Every structure is written in C-alpha cells, then in structure tokens.
Amino acid sequence: MANLPKFVDLPIFEKTGERHSWGVWGKDDRIGMVNLLTPERVVKAASLVKKGKVFNLEPSRSIPHPGYAKEEPSYKHHVHKSRTGRSDKVDDWELHGGMGHMDGLMHMRYREFGYYQGLQEEDLDKGDTLGIERWTQHGLVGRGILIDVPLHFEKMGQKLDPNKRFPIRGDLMEAIAKEEKIEFQPGDIMLLRTGWMRWYLGITPKERELAHERDVAAGGIECPGIDNDKETAGWLWDHQFTLLFGDNQAVEALRTEGSDFQHRRILALMGMGIGELLTFEELSEDCARDGIYECMVTAKPVNIPGAVGSPAHAYAIK
C-alpha cells in the first residue's frame, strides 16, 4: 500500500464522528485520490493490455435519463447542413447527469464543514476550484478491476435483483475479488457491476414509467450498490481506490437509509471520484470468457474550468 494513513488514523470531526483526508496531500491539493494515478501505475496499467480489445463503458446519451418517465434524451442535437458539409451543436446538455457521467469534487459538500479540503462556497466562487478539469489535466488512466456482483450470485445459484436495495460491503467485494483471482492494489479504479443498467436498458418505456411511479410513491428508487455505512467508507479508503465506477444511479445502494449518504464521505471527505450509469455488460461477458478481471481504464472528463461533473468518456482495454 502507498504510504497513506489508515482510516482509523485520519482526523475526525468530533461533532459528527466522521473522518476526513483533508491535508493528506497538503493543504493546496485539489485532486484527492487521483494523486495515486502515478506515472508508474499508468505504465503498469498499460502492461495489462494483451489483446487490444477496447470496451466502451459509456452508454449512448440518447437513452432517456433515469427519471424513467421522460422518454427522450436530456439534450437537443441540432445538425446544420451546408453546401460543403455539416456542423452541429447541442442544447440543454447536462455535464453532471445523464448516462455514463462522473461526479467531481465540487458535487457534494459535507455539512457546514465544506467541500473537499474544507473549501466553502466563497472559496469556490473566488476561483479556488475543485473543478473536474483538474482531473482531466492530470489524466485518468489506471488499472481497472471489475467486481461482478450478479455473476457471483449466479455462480451460487442465486439472483441479485437489480430493482431492490442490496448493500454491498467490503467482505463481499473481497470474496468476489478472490473468486476472480484479483488482488487489490493502491490506485485501482473499481468497476462495480450490479446489473442495474442491464435491467434498465431491457425494460420497455411503459415499464420505465410504471417503475418511476412506484419509486415516487415509495420515496425513491431501490438498487444494489456499495453500503452506506461508515465502515464501508473506511474499507474503500484503506484499499486506496482512486475512482469508483458503477452501473447504477449512485454507485451506492439506494434508497439511502437515514442521513448516511456515502457520496458525502467518498467525494467530500475522502476525495475519491465517482462514476455513475456506466455499462459493463460487454466487459463482463469478456471477463467471464477469459477469466481476466483486470484491465487498463481511461476516462476523459471535459476540460471546462469549474465543471462539477462530466460525461466519463471511459474505456476499458484488455
């Protein structure tokens, strides 16, 4: 492991009992766990490419955004034709939101204590930004590991319901990694497959509408994901993941229970990046065939100063 303090040794907010990593890379750090994507780890990740097969992890942005009922994309694409060819532009394009997007460190604050590194709104407004472009300028390239939860259940003769809350804890992820012959390494990019995206793309517009009505009545959607507990946040920190990419709406399990929304810990307190609504189906099938669950992963957020989120523009390469 890299020379980082254990979770239990991180500073604590006595008022809430929550721990944070602010200052671990110095008071001026603005990229958090992305610091672990060092040149040496990029080289090691590149060595995992054996057959040159590339997997696009970002679903089409023409797919309706969850919310289910609105059966149209969350943008408007205009194509302009001329005698010499075509040009185009996009209206109402959500940087944070839509299929296959990333949450930057400005997406979530922790109560009155602030954003990552303790920055407050006035700091961000003055230009001391945690914008996602800082990750873009550093580069997001590293070793990806697929934690294939539905496949694990299938091997046990069970089924993981993608439409019901199921908390995924550290011990389950460790068991799946052992089954996949994967050893966690500092700087890993976790690709957490829950099967939610496969379910969502497989239902009809009418079924999406009914699911939306049900979820509104129940107080929010349900899906499997990383557990909301503080102990699970500690497990993630101690294993030194750089980015957490999920195929569901939040990476973590929904609906959240109480006030324990893991986003606040992952983004604001630990400086760990999140990717949501990605697709791992083709990658999962390939990994099941060749038994190799590690790969090189690249992501390219937009280079827009102060951007809160971005399409992930992510690939897995084996």
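Residues numbered from 1 in each chain as written. Predicted model: local features only at pLDDT ≥ 70, side-chain atom pairs only at ≥ 80, totals over all residues. Heavy atoms only, no water.

Bringing the overall build of the protein chain into the picture now. Broken down by element type, the protein chain carries 10 helices and 15 strands. Computed over the C-alpha atoms, the radius of gyration of the protein chain is 19 Å, within 12% of the 20 Å expected from 2.2 N^0.38 for a compact globule of 318 residues. By residue count, 53% of the 318 residues in the protein chain fall in the buried class. The contacts of the protein chain with a sequence gap of at least 6 include a subset with a gap of at least 24, amounting to 79%. When the 41 positive and 50 negative side-chain charges of the protein chain are each reduced to one mean point, those points stand 3 Å apart. (Helix = DSSP H or I, 4+ residues; strand = E, 2+ residues; numbered from the N terminus. Rg over C-alpha atoms; globule rule 2.2 N^0.38 Å. Buried < 20%, exposed > 50% of the residue type's maximum accessible area, 1.4 Å probe, protein only. Contact = heavy atoms within 4.5 Å. Lys, Arg positive; Asp, Glu negative; His and termini not counted. Charge placed at Lys NZ, Arg CZ, Asp CG, Glu CD.)

We now examine the environment of His-80. Positionally, His-80 belongs in strand β4 (residues 76–82). Placed 158 residues apart in sequence, His-80 and Asp-238 show a C-alpha to C-alpha distance of 51 Å. Apart from the residues within four sequence positions on either side, His-80 is in contact with Gly-85, Arg-86, Ser-87, Asp-88 and Lys-89.

One finds Ile-147, Leu-191 and Phe-245 to be the most contacted residues of the largest nonpolar core, which totals 74 residues. The next biggest cluster of nonpolar side chains, apart from the first, holds 13 residues, and it includes Ile-63, Trp-196, Tyr-200 and Ala-250. (Core = buried A, V, L, I, M, F, W, Y, C linked by side-chain atoms within 4.5 Å.)

The full count for this structure, using the stated rule, is 11 aromatic pairs. Note on Trp-196 and Tyr-200: the rings are 5.0 Å apart at their centroids and 10° apart in plane angle, and the pair reads as stacked. Placement of the pair is Trp-196 and Tyr-200 together in helix α6 (residues 196–202), with a separation of four residues, close to one helical turn. Using a relative accessible area of 0% as the deciding quantity, one classes Tyr-200 as buried. Summarising the aromatic geometry, the rings of Trp-235 and Phe-241 are spaced 5.7 Å apart at their centres and angled 35° between planes, so their arrangement reads as tilted. By relative accessible area, Phe-241 is classed as buried at 0%. Connected via pairs of aromatic rings, a cluster forms that spans Phe-13, Trp-22, Tyr-110 and Phe-113. Here the guanidinium or amino end of Arg-208 rests over the ring plane of Tyr-200, the centre of that ring lying 4.6 Å away. (Phe/Tyr/Trp six-rings, centres within 6.5 Å; stacked < 30°, edge-to-face > 60°. Lys NZ or Arg CZ within 6 Å of the ring centre and 35° of its normal.)

Running from N to C, helix α8 (residues 230–238) and helix α9 (residues 262–269) point in directions that differ by 35°, and their axes come no closer than 10 Å. The element α8 and its partner α9 pack so that their crossing is right-handed. Here Lys-230, Thr-232, Ala-233 and Leu-236 of α8 come into contact with α9, specifically with Gln-262, Arg-265 and Ile-266. Taken together, the residues that form the contact of α8 with α9 break down as three nonpolar, two polar and two charged. (Axes fitted to C-alpha atoms, helices over the stretch in contact; angles between N-to-C directions. Left-handed = near helix turned anticlockwise from the far one by under 90°. Nonpolar A, V, L, I, M, F, W, Y, C, P; charged D, E, K, R; others polar.)

So, on to the environment of Met-270. In this structure, Met-270 sits in the loop between α9 and β12 (273–276). As a C-alpha pair, Met-270 and Leu-36 span 234 residues in sequence and 13 Å in three-dimensional space. The contact partners of Met-270, leaving out residues within four places of it in the chain, are Phe-7, Ser-21, Met-33, Tyr-116, Ala-233, Trp-237 and Arg-265.

Glancing now at the environment of Thr-242. Mapped onto the fold, Thr-242 is located in the loop between α8 and β11 (243–246). Overall, the relative accessible area of 0% leaves Thr-242 in the buried class. Put simply, Thr-242 and Leu-36 are 206 residues apart on the chain and 6.7 Å apart in space, counted from C-alpha to C-alpha. Those residues in contact with Thr-242 that sit more than four places away from it in its chain are Met-33, Val-34, Leu-36, Leu-37, Gly-187, Asp-188, Met-272 and Gly-273.

Taken as a whole and judged by the stated rule, the model has 18 salt bridges. We note a salt bridge from Glu-112 to Arg-111, for which the minimum N-O separation is 3.3 Å. On the accessibility criterion, Glu-112 (40% relative accessible area) is partly exposed. On the basis of relative accessible area, Arg-111 is assigned to the partly exposed category, the value being 38%. A salt bridge links Asp-286 to Lys-318; its shortest N-O distance comes to 2.9 Å. Here Asp-286 is found in helix α10 (residues 281–290), whereas its partner Lys-318 is found in the segment after β15 (315–317), with 32 residues between them in sequence. Across the pair, Lys-318 and Asp-286 agree in class, each one buried. Shared partners join several salt bridges into a network, and the residues in it are Lys-51, Lys-53, Asp-286, Arg-289, Asp-290 and Lys-318. (Salt bridge = Lys/Arg side-chain N within 4 Å of Asp/Glu carboxyl O.)

Looking now at the pairing of β12. Of the two faces of β12, both are covered, the one formed by Gly-273 and Gly-275 as well as the one formed by Ile-274 and Glu-276. Alignment of β11 against β12, held across three bridges, turns out to be parallel. Residue pairing across strands places Phe-245 opposite Gly-275, the latter belonging to β12. (Pairing = 2+ DSSP bridges.)

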